[in-house]
Amino acid sequence: MIAYRALIATLVVTIACALAPVRVQSAEAPELQVRAAFLFNLARFVNWPQDKVPDPSSPITICVAGEPDFASTVRDTIQGKSVGAHALTMHIPASASELARCQIAYIGEDTSLKEMLTAASGHHVLTVHSAATAQPGGVVRLYLDERRIRFEVNTGAASREQLQLSSKLLSLAQLVNL
Amino acid sequence: MFTRNRFLRQFSNQPIRRKLTLLMALSSSVGLILSGVALISYAWNSARSTAIRDVQSVAQISADSTAAALVFGDVVAARELLSALRSKPEVDSACLYTEDGDASALFAQYLQNGVSPCPATAAKVGIHEHLRGLSLVREVEQNGDRIGWLQVQVNLQPLTHTLMVQVGITVAILAASFAVSLGIAWLMQPALAGPILDLAGVARRISESGDYTLRARRLGSDEVGRLVDDFNSMLDQIAIRDRDIETARDALSQQVSEKTAANQDLLEALDRLQQTQAQLVQSERLASLGGLVAGVAHEINTPVGVGVTAASTLQDRARDLEQAYKTDTLRRSDLERFVEVARESSNIILRNLQRAADLIQSFKQVAVDQSSGERRRFDLRNYIDEVLLSLAPRTKKTGHRIVVECPPDLEVDSYPGALAQVLTNFVSNSLLHAFPDGHSGELRISAQRSGDWIELHYSDNGSGIPPQDLKRIYDPFFTTKRGSGGSGLGLHIVYNLVQQILGGTIEAASEIGAGTRFTVRFPAHLKSKP
Ligand SMILES: Nc1ncnc2c1ncn2[C@@H]1O[C@H](COP(=O)(O)OP(=O)(O)OP(=O)(O)O)[C@@H](O)[C@H]1O
Ligand SMILES: [Mg+2]
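Residues numbered from 1 in each chain as written. Chains lettered and ligands numbered in written order. Predicted model: local features only at pLDDT ≥ 70, side-chain atom pairs only at ≥ 80, totals over all residues. Heavy atoms only, no water.

Caption draft 1: Molecular detail of the site of ligand 1. Residues and elements named next belong to chain B. Inspection of the region around ligand 1 gives 19 residues, with His 433, Asp 460, Thr 479, Thr 480 and Ser 487 positioned closest. A distance of 2.6 Å separates an oxygen atom of ligand 1 from a polar atom in the side chain of His 433. If ligand 1 stood free it would expose 590 Å²; the protein chains cover 92% of that surface. Secondary structure elements with two or more residues in the shell around ligand 1: helix H8 (416–434) and helix H10 (490–501). (Near = heavy atom within 4 Å. Polar contact = N/O pair within 3.5 Å; in protein donor to acceptor, adjacent residues only side chain to side chain. Areas by Shrake-Rupley, 256 points an atom, 1.4 Å probe, with all protein chains shown as cover. Helix = DSSP H or I, 4+ residues; strand = E, 2+ residues; numbered from the N terminus.)

Laid out in structure tokens, this is it:
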């Protein structure tokens, strides 16, 4: 009898412990999912140069450096999705040099941002970050404004990397030129 | 179908004036209605397709411009982009929907004045028409992926209003032109209907009065004018025909009376002919009776002659015997010889007298039958023999073989005289016509019973009768021996006797060179006197 009660008590505690972090995560989840959808949707409005995306069915690789929670959300979000005929794949770079092969690269706040941006520059990578201010090497910066995610486009960086961003996209963004 | 027929019937009962007026007015207004309907529907269709093209391009532009805002969830930007449609007053509303799982959810909207609020979910893709106008639903795409829907609704009421004004104007024009064409038709119809009515009036007067001298008046040289001409010439022809018919009728009645007179003559001639025929039959009878008497004389002459010779021989011998007895020179042998001669002579005399008596008996019978025409029972075989016996004087010297095939005891109840005359004619024809070159042949008579009838065949194996003559042998006075013993009445009388007296039939068959054959059928027992 006592053993039985103990078992139930243990179970209740275990379930409560298991649920607790989920609830914490779900509070953050919309923000992660919105950002992940953002990355995915960005792919719709960008044209890469011919040698970066050779034909309409070439895959587009989205890389997430750092922020492992976000990386897995992105993986879930783009799972089985495509943009036009481009299949979307997700990659977690092991080193900064691997960013060169990404079409879109999100550089997390827990990485050395400047080093990453330098490594990606010159490889036609659409770099996305969430730093507090605009960065000369970053193409798109995400920021929160009245609890809404908004974005800023560095047109200088975009043209240096020969990325054509759709005017529809630009009409929604804050524009800077660094 | 029924109503159509009734309509047509009612229409065709209308006076021609009204028909013409109606036709003219109707046809002109039908043309007007058709062209009005065509114009209005063309205007409506082209206005509508212009509106559709407009709303399509508006939707295209709006969908394109709001794609990014839709994707990035920027409602404010989307609303701002949609409100650019303010410059298009016909656009009532524009509604942008985002994908919400499998369904759609309203994302942003632009409403011009709140008349057409956006539904909560997007309608089916395509064009929808409703009272106020039409709405178009299309997908919002980016890179070929569907990211939402856009619905644009336009107000076509101004267009409809313009159209209604057009319809009103057209109907007014229609009514006016119907009235005008009715007036024109009313003014015009006497020109068309007048001559026809005139013609109809003349026709009616003629049929009522029977006066074919009336003529219709010709008012123009169109088809009706020609009709009037034809009508008049038809009247001319009717008049001529009437006259012709009158003449023909007169001629006919004259002919009829002439024919009647001729008929009368013919009847009289026929009557005379029949009388002549009866007389001829009578005289033929007398003639054959005369022949019979001659035959009898000839036939009896022989036995009587033989008897006379025998009697005179006996007389001579008796005188010789008497002489010898008186002179006492009578010898026994003389007496014996006389007895011998006397017996022989008396035998001869008796035999020949008997024969003469027989002949007379049978001639008497034939002669009685022929002249009296008496009906009686007789034995056919015997009677044929008797007839042949009476013909013997003529047949014997020709050397023809005469064959009779007839069963004995064949009793017949009929007119033997007629039968004798028939057979006599057959035989004398064979003698006269069948063997022109004089050599002898065969005459054959055969008779047998066949049911209630006697079938009698007579044939010779002489020259035969050519087919064209065979058809005419029974005709009175048909003969091939005119002027040399033929009168052409023999077979005619035979025919009448067989038909009228014996109550039977006769057929003739002949083949040139092979002979002639007559078949006579008559009742074995005649029912009653003909
Ligand atoms: N047995 C026959 N063979 C050939 N011809 C015949 C014979 N019988 C009749 N005819 C033909 O038929 C015709 C008509 O015969 P029918 O007895 O009517 O007249 P007919 O013998 O000429 O004259 P009659 O009046 O003297 O008998 C004859 O003229 C003859 O040409
Ligand atoms: Mg004759």
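Caption draft 2: Highlighting the environment of Ile 445 of chain B. All names here are of chain B. Following the sequence through the fold, Ile 445 ends up in strand E9 (residues 442–450). Along the chain, Ile 445 and Val 403 lie 42 residues apart, while their C-alpha atoms are 6.2 Å from each other. With near-sequence residues (within four places) excluded, Ile 445 lies in contact with Ile 384, Leu 388, Val 403, Val 404, Glu 405, Leu 423, His 457 and Tyr 458. (Contact = heavy atoms within 4.5 Å.)

Caption draft 3: Region of the structure containing empty space enclosed by the protein. Overall, the coordinates contain one cavity of 30 Å³ or more when judged by the stated rule. What the largest cavity holds in volume is close to 60 Å³. As for the largest cavity, its lining consists of Phe 38, Arg 148, Ile 149, Arg 150, Phe 151 and Leu 172 of chain A together with Phe 72 and Asp 74 of chain B. For the lining of the largest cavity, the element with the highest residue contribution is strand E8 (residues 148–154) of chain A, accounting for four residues. Broken down by class, the residue content of the lining of the largest cavity amounts to five nonpolar, no polar and three charged. (1 Å grid on protein atoms, 1.4 Å probe; cavity = no way out; pocket = protein on both sides within 12 Å on 5 of 7 lines; lining within 4 Å. Points joined across faces, edges and corners; volume = space filled by probe spheres on them. Nonpolar A, V, L, I, M, F, W, Y, C, P; charged D, E, K, R; others polar.)

Caption draft 4: Representation of the layout of surface pockets within the structure. Considering only enclosed or pocket space, the second largest pocket measures out at about 520 Å³ in volume. Looking at the lining of the second largest pocket, the elements that each hand over two or more residues are helix H1 (2–42) and E8 of chain A together with helix H2 (16–71), strand E1 (91–100) and strand E5 (145–155) of chain B. Examining the composition of the lining of the second largest pocket, we find that five residues originate from one element, H1 of chain A, more than from any other.

Caption draft 5: Focus on the state of the cysteines. Scanning the entire structure with this criterion turns up two disulfides over all chains. At a sulfur-sulfur separation of 1.8 Å, the disulfide partner of Cys 63 of chain A is Cys 102 of chain A. With the S-S bond torsion at -90°, the cross-link from Cys 63 of chain A to Cys 102 of chain A turns out left-handed. Separated by 39 residues along the polypeptide, Cys 63 of chain A in strand E2 (residues 60–65) and Cys 102 of chain A in the loop between strand E4 (86–91) and strand E5 (104–107) bring together distant segments of the chain. A relative accessible area of 0% means that Cys 102 of chain A is categorised as buried. Shown here is the disulfide that connects Cys 95 of chain B with Cys 118 of chain B, its sulfur atoms set 1.9 Å apart. (Disulfide = S-S within 2.5 Å. Buried < 20%, exposed > 50% of the residue type's maximum accessible area, 1.4 Å probe, protein only.)

Caption draft 6: Spatial organisation of the interface of chain B and chain A. Across the boundary between the two partners, chain B contributes 13 residues, which contact 14 residues of chain A. Taken together, both faces of the contact between chain B and chain A bury some 1200 Å²; the carbon and sulfur share is 57%. Asp 74 of chain B serves as the salt-bridge partner of Arg 150 of chain A, at 3.7 Å between the closest nitrogen and oxygen. For the pair chain B and chain A, the number of links is eight residue pairs in polar contact (both at pLDDT 80 or more). (Buried area = accessible area lost by both parts, 1.4 Å probe. Salt bridge = Lys/Arg side-chain N within 4 Å of Asp/Glu carboxyl O.)

Caption draft 7: Main features of the sheet that holds strand E2 (residues 103–111) of chain B. Residue and element names in this part refer to chain B. An order of E2-E1-E5-E4-E3 is seen for the five strands of this open sheet, with the pairing classed as antiparallel. Bordering the open sheet on either side are E2 and strand E3 (126–129), each of which pairs with just one other strand. Ignoring which end each strand starts from, the neighbouring axes of this sheet average 20° apart. For strand E4 (residues 133–142) and E5, the ladder comprises ten bridges, and the chain directions are antiparallel. Residue Arg 138 lies in a different strand from E5, and its bridge partner there is Leu 150. (Pairing = 2+ DSSP bridges. Axes fitted to C-alpha atoms, helices over the stretch in contact; angles between N-to-C directions.)

Caption draft 8: The arrangement of helix H3 (residues 75–82) of chain B in detail. Within H3 of chain B the residues assigned to the buried category are Ala 77, Ala 78 and Leu 82 of chain B. What you see down the axis of H3 of chain B is that its buried residues fit within an arc of 130°, all on one side. For H3 of chain B, exposure combined with an orientation more than 90 degrees from the buried face picks out Val 76 and Glu 80 of chain B. Elements that come into contact with the buried residues of H3 of chain B comprise helix H5 (167–172) of chain A together with H2, E1, E2 and E5 of chain B. (Arc of directions from axis to C-beta.)

Caption draft 9: How the structure looks around the packing of helix H7 (residues 380–396) of chain B against H8 of chain B. Residue and element names in this part refer to chain B. Between H7 and H8, the shortest axis-to-axis distance is 10 Å and the interhelical angle comes to 40°. On the basis of the axis angle, H7 is oblique to H8. Where H7 crosses over H8, the handedness of that crossing is right-handed. Along its contact with H7, which presents Leu 380, Tyr 383, Ile 384, Val 387, Leu 391, Arg 394 and Thr 395, the element H8 presents Pro 416, Gly 417, Leu 419, Ala 420, Leu 423, Thr 424, Val 427, Ser 428 and Leu 431. (Parallel < 35°, antiparallel > 145°, perpendicular 65-115°, else oblique. Left-handed = near helix turned anticlockwise from the far one by under 90°.)

Caption draft 10: Representation of the pairing of E8 of chain A in the model. Residues and elements named next belong to chain A. Of all seven residues in E8, five are buried; the element is thus mostly enclosed. Of the pairings in the sheet, the one linking strand E7 (residues 140–145) to E8 comprises six bridges and is antiparallel in character. If you follow Val 140 over to E8, its bridge partner there is Val 153. Linking two consecutive strands that pair antiparallel, namely E7 and E8, is a turn of two residues; a positive phi of about 50° is found at Glu 146 within it.

Caption draft 11: Representation of the packing of aromatic side chains. Under the counting rule described, the total for this entry stands at nine aromatic pairs over all chains. Plain terms: the ring middles of Phe 378 of chain B and Tyr 383 of chain B are 5.0 Å apart, the flat faces sit at 50° to each other, and that makes the pair tilted. We classify Tyr 383 of chain B as buried; its relative accessible area is 2%. Aromatic side chains Tyr 474 of chain B and Tyr 495 of chain B sit 4.9 Å apart centroid to centroid with 40° between the ring planes, which places their arrangement in the tilted category. Of this pair, Tyr 474 of chain B sits in the loop between helix H9 (467–470) and H10 while Tyr 495 of chain B sits in helix H10, and the two are 21 residues apart along the sequence. Of the residues examined, Tyr 474 of chain B reaches a relative accessible area of 18% and is grouped as buried. By relative accessible area, Tyr 495 of chain B is classed as partly exposed at 28%. Each member of the aromatic cluster is reached from another via a ring pair, and the members are Phe 38, Phe 45 and Phe 151 of chain A together with Phe 72 of chain B. Over the aromatic face of Phe 70 of chain A sits the side chain of Arg 35 of chain A, whose NZ or CZ is 4.6 Å from the ring centroid. (Phe/Tyr/Trp six-rings, centres within 6.5 Å; stacked < 30°, edge-to-face > 60°. Lys NZ or Arg CZ within 6 Å of the ring centre and 35° of its normal.)

Caption draft 12: Structural detail: helix H2 (residues 68–78) of chain A. Residue and element names in this part refer to chain A. Taken together, the buried positions of H2 are Phe 70, Ala 71, Thr 73, Val 74, Thr 77 and Ile 78. The buried residues of H2 occupy one face: seen down the axis, they fall within an arc of 165°. Exposed residues lying more than 90 degrees from the buried face of H2 are Pro 68 and Asp 76. Count one or two residues on from H2 and you reach Gly 80, which has phi positive near 75°.

Caption draft 13: Representation of the nonpolar core within the structure. Counting 68 residues, the largest nonpolar core has Val 74, Leu 126, Val 140 and Phe 151 of chain A together with Phe 72, Leu 96 and Val 152 of chain B as its most contacted members. Sorting elements by how many residues they give to this core places H2 of chain B first, with eleven residues. Excluding residues that lie within four positions of it along the chain, Phe 151 of chain A makes contacts with Phe 38, Val 140, Arg 141, Leu 142, Tyr 143, Leu 169, Leu 172, Ala 173 and Gln 174 of chain A together with Phe 72 of chain B. Core analysis: the second largest hydrophobic core is formed by 46 residues, Val 387, Leu 410, Val 422 and Leu 489 of chain B among them. (Core = buried A, V, L, I, M, F, W, Y, C linked by side-chain atoms within 4.5 Å.)

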